[in-house]
Amino acid sequence: MKIIRKIIVLTLAITLLLSGSVAYMEPVGGQDTDQEQTAPADTNEAEVGENTDESSEEPGTEEEEEEPGNLPAEPGIESMEKIAENSKLELYISRETAEAAVKVKKTGKIWYTNPRGRNSDPKASPAYKNLMNSQLRVVYYTPASQPSIYYSYPDSVKLGQFEIKKIENGARIEYRVGEEETIYTLPKVISKARMEEKIIANISESQAKTLLRYYSLLTYEKATAAQKEQYPSLAEGDIYVISAVIQEFRLRQLEEIVVSAGYTMDDKNEDHIANNVPPEEGNLDVFFIPLEYRLDDDNLVVSIPTREIEYHETYPIASIDVLPFFGAAGTQEQGYMLVPDGSGSLIYLNNNKLYASSYSIDVYGLDRSIPLVERSTVIEQAYLPVYGLKTENEAFFCIIERGDAMAAVKADISGRQTSFNYVYSSFTLIPRDELDISDYSGLSIISVYQPRTFNSGIQLRYAFLDGKEADYAGMAAYYRSYLAEKYGLSRQEQDGKVPFYLEIIGAINKVRSILGIPVNTVEPLTTYEQAVEIMKELNDGGVDNIVLRYKGWANGGVDHTIPQTIKLMSKLGGSKGFKALQSYLEEMGYEYYPDFGIVYAYKDTWFDGFNPRAHASRYITKLVASIFRFNIATNREDRTRGLLYIISPAKIVNIVDGMLKSMNKLGITGISLNDAAIDVNSNFRKNELYDRQEAADTLAEQMKKLRDAGKNLMVDGGNSYALPYTNHVLNIPDESNRFHLTDESIPFFQMAIRGYIDYASEPINMSPEYRTAFLKAIETGSGVYFSFIHKENSVVKETLYDHYYSNNYKVWMEDALTFYEQAMEALGPVQGMFMVGHERLQHDVYKTTYENGREIIVNYNRRPVTIDGVTIEAQSFKVVKEGK
């Protein structure tokens with residue numbers, strides 16, 4: 001087997017080398033190569049939300065730490081050119097520095113892409129001054145797979161390698177990043193006959209004397225043995241060889257002479273070939289990157305058409321930071337930055353947390369098609385591609401409209417590297433992976449790259465808020481209106497009924513000993529009939545707005561086969577039992593959502609319609625993409641807990657098509673997708689490449705297909721691409737990750753969707769602090785969510801499903817009825833209404849305000865608190881204002 005494995009790996013390595021998408025990496029002592037999975041220097045911080053490597057704070061290399069030379073003037077708009085204007089905004093561009101500025105007509109506020117006072121910043125290193133003068137930061141890999149960095153100011157604008165073009169409602173700046181090497185038409189070697197025929201005969205005598213002064217005539221008789229070997233054409237006649245050292249201004253003078261003679265680059269190439277001169281190549285680490293600004297009503301839209309980016313394949317672009325210092329706030333300003341991890345979080349300006357690492361988080365979490373064997377921690381991912389900055393009575397709010405699946409949101413405070421607070425987005429252009437073949441070939445590591453940039457483009461939409469709207473509630477309201485207008489969302493009915501989310505677990509897999517042989521069997525936890533029994537007991541207790549989510553109801557249980565065809569389970573009651581369940585649900589008017597996953601193949605059996613080699617995604621290394629569940633104790637993959645294949649986006653389309661047909665046959669009106677709004681994975685298969693953005697677009701298209709077919713949709717998590725098509729979001733985060741740099745956790749996610757989409761956080765009975773979980777539901781305006789099984793809790797012991805250890809419905813029935821009654825009293829009058837305000841009153845005390853004026857205060861402390869003369873008991877809540 002070892003010999004076979006060696007052959008497979010060596011064959012794969014040879015294939016990758018021939019494909020041209022690899023490079024060798026020499027081992028670096030003590031270096032953690034896991035840090036370079038998606039982007040150099042910053043990748044690990046994207047995994048854990050904070051940059052834990054202080055050295056990676058510095059954006060430049062050692063040689064870039066030299067003084068940046070003459071820094072540009074910092075132009076105000078009076079010295080910029082007004083490029084575009086509408087009734088709300090004015091757009092200005094500096095033709096000297098390429099920076100832009102937007103003036104808000106209503107307030108007169110000017111937002112700059114590059115901060116004022118940057119060149120006199122006493123805190124900033126030369127590298128950071130280069131960054132603060134730039135609109136783009138480009139990280140790329142060298143042929144040796146080492147990361148290198150360019151900035152758009154010193155490596156493009158300062159060199160004069162940029163062009164500003166007017167476009168409709170804005171401007172386009174075309175950067176050629178990286179110093180371009182001038183290739184002259186002047187021949188390095190040319191035969192005497194060709195020099196006289198092609199050049200001397202067509203110029204003046206004085207020009208000829210000037211030109212020939214810098215050439216040496218070489219004859220065969222006087223040539224050395226080495227020269228004869230270097231120039232075999234000497235045997236056929238004399239040649240002219242250009243001088244080795246000529247000053248740049250003189251080269252330009254000689255260039256004008258030969259060009260005036262009608263001598264062309266084709267002539268030069270012909271002479272070089274004839275005289276054994278290798279073809280000239282300019283610097284290969286030069287990139288063409290267009291950046292566009294457009295005014296769109298009250299927004300500034302910034303975009304990079306990634307299809308137009310040009311680069312040499314030996315210098316792939318890892319990532320691009322776009323406008324990293326847009327709207328940056330100085331040390332004297334007050335406010336905060338909004339970042340999107342979990343439910344949402346605030347970083348106070350100038351919070352002086354210099355002990356904390358800078359902030360970074362991947363939008364939509366990790367791409368599991370890039371292997372991760374070990375994780376440093378478990379965090380709530382960023383579900384919404386948004387960020388913002390508030391300073392005094394002004395704020396900007398940015399929506400990542402395109403490139404969201406390739407994006408990370410990053411931020412830092414003043415005092416560490418600069419005197420500014422800033423938040424921005426960075427985009428992975430070309431993902432990277434590594435293949436270690438050192439055991440077999442003597443080489444060390446092959447670096448493998450996606451063969452192209454992602455094609456969908458980058459687009460950022462900046463909105464500008466002022467007055468009472470310039471806070472995180474205003475940002476949430478703006479995003480809510482944006483989603484409603486863009487996707488035609490409909491307001492929810494304000495019927496006074498808080499949803500009670502009932503999750504039922506149907507069947508699981510369990511290993512049983514049969515005649516001494518371990519056999520994998522299906523263990524029913526809640527049959528179709530028992531699900532009805534649970535709902536009747538809830539209804540009898542006063543719960544009359546049940547929304548049922550049924551997991552493990554078909555196709556073998558919780559870990560099911562792909563749902564391209566739906567197969568009901570006889571152990572749960574078969575077709576007859578399922579029809580009886582449907583009849584009860586329809587009679588009671590309850591919504592129901594049978595649950596499936598479509599991103600992973602949770603169970604692979606014979607004749608199930610899934611073939612891993614044909615239907616699974618591939619890693620960049622071309623191996624079949626599969627993952628193992630993580631062990632929560634070690635944070636490493638646990639291979640005893642089963643293998644999951646990552647399904648190719650192309651196969652997901654077929655799965656949804658087949659699932660729709662089966663749903664129609666069974667009369668199912670809604671579906672729950674438990675993974676499609678959480679995980680987004682690429683497929684790096686050569687002939688079926690889906691970059692991560694295309695994968696996200698495919699998932700959104702499938703959800704739209706379900707909605708267009710008349711099906712209601714429920715999802716877990718709630719990545720933003722799912723929001724236009726879903727009715728319910730479960731397991732929505734009710735907290736941020738509380739990273740060290742952040743200061744306050746806020747329910748931004750809930751504020752952005754309430755009134756259009758119902759939601760709930762984790763099941764209350766599966767939370768380690770169930771009372772706190774219920775209070776969080778009150779604070780965030782959520783539904784009440786419980787997960788039940790009918791059988792005793794002991795049934796799940798020593799299975800892969802032991803996290804259902806506390807789900808027996810009888811244990812929780814009384815609490816469920818009490819919590820729902822309390823939720824109805826607090827939230828019933830505001831069901832379907834917008835959450836318009838949220839405020840931390842003191843430690844662990846929060847007030848939530850709804851559009852009808854209703855105010856609710858939640859006290860998480862273990863002691864009563866008094867607010868404005870009103871006492872809120874320990875770990876309780878109180879409606880302090882009824883509202884209209």
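Draft legend 1. Expanded view of the sheet that holds strand β32 (residues 626-628). Pairing within the open sheet is antiparallel, and its three strands lie in the order β31-β33-β32. In this open sheet, the two strands that pair with only one neighbour each are β31 (600-601) and β32. By the bridge criterion, two bridges tie β31 to strand β33 (residues 643-646) in an arrangement that is antiparallel. Bridge pairing in β33 links alanine 601 to tyrosine 645.

Draft legend 2. The pattern of salt bridges, seen in detail. Tallied over the entire structure, the rule returns 43 salt bridges. The salt bridge partner of lysine 704 is aspartate 708, with a shortest N-O separation of 2.8 Å. Highlighted residues: lysine 704 and aspartate 708, both in helix α16 (residues 692-708), separated by four residues, approximately one helical turn. Judged by relative accessible area, which is 39%, lysine 704 ranks as partly exposed. For aspartate 708, a relative accessible area of 55% puts it in the exposed group. Close ionic contact of lysine 847 with glutamate 839 constitutes a salt bridge, the shortest N to O distance being 4.0 Å. A single salt-bridge network, built from bridges that share partners, covers Lys165, Arg172, Glu174, Glu292, Arg294 and Glu308.

Draft legend 3. Local environment of the environment of glycine 642. Relative to the helices and strands, glycine 642 is located in the loop between β32 and β33. Its relative accessible area of 26% is what places glycine 642 among the partly exposed residues. A sequence separation of 158 residues divides glycine 642 from leucine 800, and the C-alpha atoms of the two residues are 8.8 Å apart. The residues touching glycine 642, leaving out its near neighbours within four places in the chain, are Ile627, Phe628 and Arg629.

Draft legend 4. Representation of the sheet that holds strand β19 (residues 386-391) in the model. Pairing is antiparallel across the open sheet formed by 10 strands, whose spatial order is β8-β9-β13-β14-β25-β20-β19-β16-β17-β37. Bordering the open sheet on either side are β8 (162-167) and β37 (744-745), each of which pairs with just one other strand. The pairing of strand β17 (residues 345-348) with β37 spans two bridges and is antiparallel. Residue pairing in the sheet places leucine 346 in a bridge with glutamate 744 of β37. In the packing of helix α11 (residues 472-487) onto the sheet, the strands contacted are β14 (299-304), β16 (335-339), β17, β19, β20 (394-402), β25 (458-466) and β37, and the crossing angle to β20 comes to about 35 degrees.

Draft legend 5. Quick peek at the confidence of the model for the protein chain. For the protein chain, the mean per-residue pLDDT works out to 89, and 89% of the residues sit at or above 70. Within the model, pLDDT remains below 50 along residues 16-20, and this stretch shows 10 contacts once partners closer than five positions in the same chain are excluded. Confidence over residues 24-66 falls short of pLDDT 50; this stretch has 114 contacts with residues more than four positions distant or in other chains.

Draft legend 6. Inspection of helix α8 (residues 248-260) at higher detail. A rise of 1.5 Å per residue sets the reference length of α8, with its 13 residues, at 18 Å; its end C-alpha atoms lie 19 Å apart and thus fit the reference within 8%. Within α8 the residues assigned to the buried category are Leu251, Leu254, Glu255, Ile257 and Val258. Summarising the axial view, the buried residues of α8 lie within an arc of 160 degrees, below the 170-degree limit, and thus occupy one face. Residue glycine 262 follows α8 closely and has a positive phi angle near 90 degrees.

Draft legend 7. Structural view of the pairing of strand β30 (residues 591-596). Summarising burial for β30: five of the six residues are buried, a large majority. By the bridge criterion, four bridges tie strand β29 (residues 546-551) to β30 in an arrangement that is parallel. Residue pairing across strands places valine 547 opposite glutamate 591, the latter belonging to β30. Between the parallel elements β29 and β30, the chain passes through helix α13 (residues 574-588) in a crossover that is right-handed. In terms of strand pairing, β30 meets strand β34 (residues 670-673) through two bridges, oriented parallel.

Draft legend 8. Quick peek at the packing of helix α12 (residues 528-540) against helix α19 (residues 809-827). Packing of α12 against α19 brings their axes to within 10 Å, and their N-to-C directions diverge by 30 degrees. Put simply, α12 runs roughly parallel to α19. Where α12 crosses over α19, the two elements pack in a sense that is right-handed. Counted together, Glu533, Ile534, Glu537 and Leu538 of α12 and Tyr809, Met813 and Leu817 of α19 form the full contact between these two elements. Looking at the contact of α12 with α19 residue by residue, the class counts come to five nonpolar, no polar and two charged.

Draft legend 9. The packing of helix α6 (residues 205-212) against α8, seen in detail. Contact geometry of α6 with α8 gives a least axis separation of 10 Å together with a crossing angle of 130 degrees. The orientation of α6 with respect to α8, classified from their angle, is oblique. Classified by chirality, the crossing of α8 by α6 is left-handed. Contact residues: Gln207, Thr210 and Leu211 in α6; Gln253, Leu254, Ile257, Val258 and Ser260 in α8. Class assignment for the residues of the contact of α6 with α8 results in four nonpolar, four polar and no charged.

Draft legend 10. Focus on a negative patch on the surface. A grouping of Glu529, Glu533, Glu537 and Asp540 is seen on the molecular surface, where their side chains present a negatively charged patch. Take glutamate 529: its relative accessible area is 65%, and that puts it in the exposed class.

Draft legend 11. Focus on unusual backbone geometry. Positive phi values are uncommon outside glycine, yet alanine 98 reaches one of about 70 degrees. By secondary structure assignment, the location of alanine 98 is in the loop between β3 (89-93) and β4 (100-104). Of note, the phi angle at asparagine 169 is positive, near 65 degrees, even though the residue is not glycine. Topologically, asparagine 169 is positioned in the loop between β8 and β9 (170-177).

Draft legend 12. Quick look at the packing of aromatic side chains. Enumeration according to the criterion identifies 42 aromatic pairs in this entry. Ring geometry for tyrosine 140 against tyrosine 150: centres 5.0 Å apart, planes inclined by 35 degrees, an arrangement best described as tilted. Here tyrosine 140 is found in strand β6 (residues 136-141), whereas its partner tyrosine 150 is found in strand β7 (residues 147-151), with 10 residues between them in sequence. The two residues tyrosine 140 and tyrosine 150 agree in class, both being buried. Both rings, one in tyrosine 600 and one in tyrosine 602, keep their centres 6.1 Å apart while their planes meet at 75 degrees; by these two values the pair is edge-to-face. By relative accessible area, which is 5% here, tyrosine 600 ends up buried. Looking at tyrosine 602, the relative accessible area reads 16%, which means it is buried. Connected via pairs of aromatic rings, a cluster forms that spans Phe500, Tyr770, Phe774, Phe786, Phe788, Trp812, Phe819, Tyr820 and Phe877. Looking at arginine 116, its charged tip hangs above the ring of tyrosine 112, at a distance of 3.9 Å from the centre.

Procedures and definitions
- Residues numbered from 1 in each chain as written.
- Predicted model: local features only at pLDDT ≥ 70, side-chain atom pairs only at ≥ 80, totals over all residues.
- Heavy atoms only, no water.
- Pairing = 2+ DSSP bridges.
- Helix = DSSP H or I, 4+ residues; strand = E, 2+ residues; numbered from the N terminus.
- Salt bridge = Lys/Arg side-chain N within 4 Å of Asp/Glu carboxyl O.
- Buried < 20%, exposed > 50% of the residue type's maximum accessible area, 1.4 Å probe, protein only.
- Contact = heavy atoms within 4.5 Å.
- Axes fitted to C-alpha atoms, helices over the stretch in contact; angles between N-to-C directions.
- pLDDT = per-residue confidence, 0-100.
- Expected span 1.5 Å × (residues − 1).
- Arc of directions from axis to C-beta.
- Right-handed = clockwise from strand over helix to strand, strands pointing away.
- Parallel < 35°, antiparallel > 145°, perpendicular 65-115°, else oblique.
- Left-handed = near helix turned anticlockwise from the far one by under 90°.
- Nonpolar A, V, L, I, M, F, W, Y, C, P; charged D, E, K, R; others polar.
- Patch = residues over 30% accessible without salt bridge, like charges linked within 9 Å, V, L, I, M, F, W, Y side chains within 5 Å.
- Areas by Shrake-Rupley, 256 points an atom, 1.4 Å probe, with all protein chains shown as cover.
- Lys, Arg positive; Asp, Glu negative; His and termini not counted.
- Charge placed at Lys NZ, Arg CZ, Asp CG, Glu CD.
- Phe/Tyr/Trp six-rings, centres within 6.5 Å; stacked < 30°, edge-to-face > 60°.
- Lys NZ or Arg CZ within 6 Å of the ring centre and 35° of its normal.

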